[in-house]
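Observations on chain architecture
The residues making up each chain are set out below.
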Amino acid sequence: MIKSRLWLKATLFIMLLVAICSLSITLYTIPLTRDITYRMAETHASALLGHVQGLVEAKRQEIESYRAFAVETRKRELRDVTATAGYIIKNQYQAFQAGEITEKEARQG
């Protein structure tokens, strides 16, 4: 039976059919899988980029808020220093006018 030409032809025909089916499935599924994978990666990358953009915007707002806070803090410090200096100058001037200190002493502070 194995040596029969009909059996050999039938076996070769079945093997040829299996090979053709395998080849056609391979030629169809590889590009399809590649396209699906590419679309999934693109979707994931877009979502990730959106998330990163949101994080960057949040950090930018935090930095801007901190900058405004730092500027206001610096202005307040400068006002305090200026007020203190003005108070010292005013006291020195009043002491000079009252004759408690000389002009030279008042200027030296």
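What comes next is a walk through the structure.

Rules and cut-offs
- Counting from 1, residues in each chain are numbered in the order their sequence is written.
- A pLDDT threshold of at least 70 governs which residues receive local features in this predicted model, and a stricter bar of 80 or more applies before side-chain atom pairs are shown or counted, although totals over entire chains, interfaces and linings include all residues.
- To get the side-chain values, all heavy atoms of the structure are used, and hydrogens and water are removed first.
- For helices the rule is a DSSP run of H or I covering at least 4 residues; for strands it is a run of E covering at least 2, with both sets numbered from the N terminus onward.
- Both definitions apply: the radius of gyration is a C-alpha atom measure, and the globule rule equals 2.2 Å times residues to the power 0.38.
- Here's how the labels work: a residue is buried when its accessible area is under 20% of the maximum for its type, exposed when over 50%, partly exposed in between, all with a 1.4 Å probe on protein chains only.
- Counted as positive: Lys and Arg. Counted as negative: Asp and Glu, with His and the chain ends omitted from the count.
- To locate a charge, take NZ of a lysine, CZ of an arginine, CG of an aspartate or CD of a glutamate.
- What counts as a salt bridge is simple: a side-chain nitrogen of Lys or Arg found within 4 Å of a carboxyl oxygen of Asp or Glu.
- Counted as a polar contact is a pair of N or O atoms within 3.5 Å, where, for protein atoms, one must be capable of donating a hydrogen and the other of accepting one, and residues adjacent in sequence contribute only when both atoms are in side chains.
- To estimate the expected span of a helix, subtract one from its residue number and multiply by 1.5 Å.

1. Some thoughts on the overall build of the chain
Each helix and strand counted, the chain has two helices and zero strands in total. On C-alpha atoms alone, the chain measures out to a radius of gyration of 44 Å, which is more than a quarter above the 13 Å that the 2.2 N^0.38 rule sets for 109 residues. With respect to the three principal axes, the spread of C-alpha positions in the chain is 140 × 20 × 15 Å. Burial analysis of the chain (109 residues in total) assigns 4% to the buried set. Mean positive and mean negative side-chain charge positions of the chain (15 and 11 charges, respectively) differ by 20 Å.

2. Points about the pattern of salt bridges
For the structure shown, the criterion picks out five salt bridges. Between Glu72 and Lys75 there is a salt bridge, with the nearest N and O atoms lying 3.8 Å from each other. Of this pair, Glu72 and Lys75 both sit in helix H1 (residues 5-97), separated by three residues, roughly a single helical turn. Between Arg74 and Glu77 there is a salt bridge; the shortest N-O distance is 3.6 Å.

3. Considerations on the environment of Glu105
Tracing the chain through its elements places Glu105 in helix H2 (residues 103-108). Accessibility expressed as a relative area gives 41% for Glu105, which makes it partly exposed. Measuring from C-alpha to C-alpha, the distance between Glu105 and Asn91 comes to 12 Å, with 14 residues separating the pair along the chain. A polar atom in the side chain of Glu105 sits 3.0 Å from the backbone nitrogen of Thr102.

4. Considerations on H1
Compared with the 138 Å implied by 1.5 Å per residue over 93 residues, the 134 Å span of H1 between its first and last C-alpha is a close match. The complete set of buried residues in H1 reads Thr73, Gln92 and Ala95. Where H1 begins, the capping side chain belongs to Ser4, and its oxygen is found 3.3 Å from the backbone nitrogen of Leu6. Once H1 ends, the next one or two residues include Gly99, with phi positive near 85 degrees.

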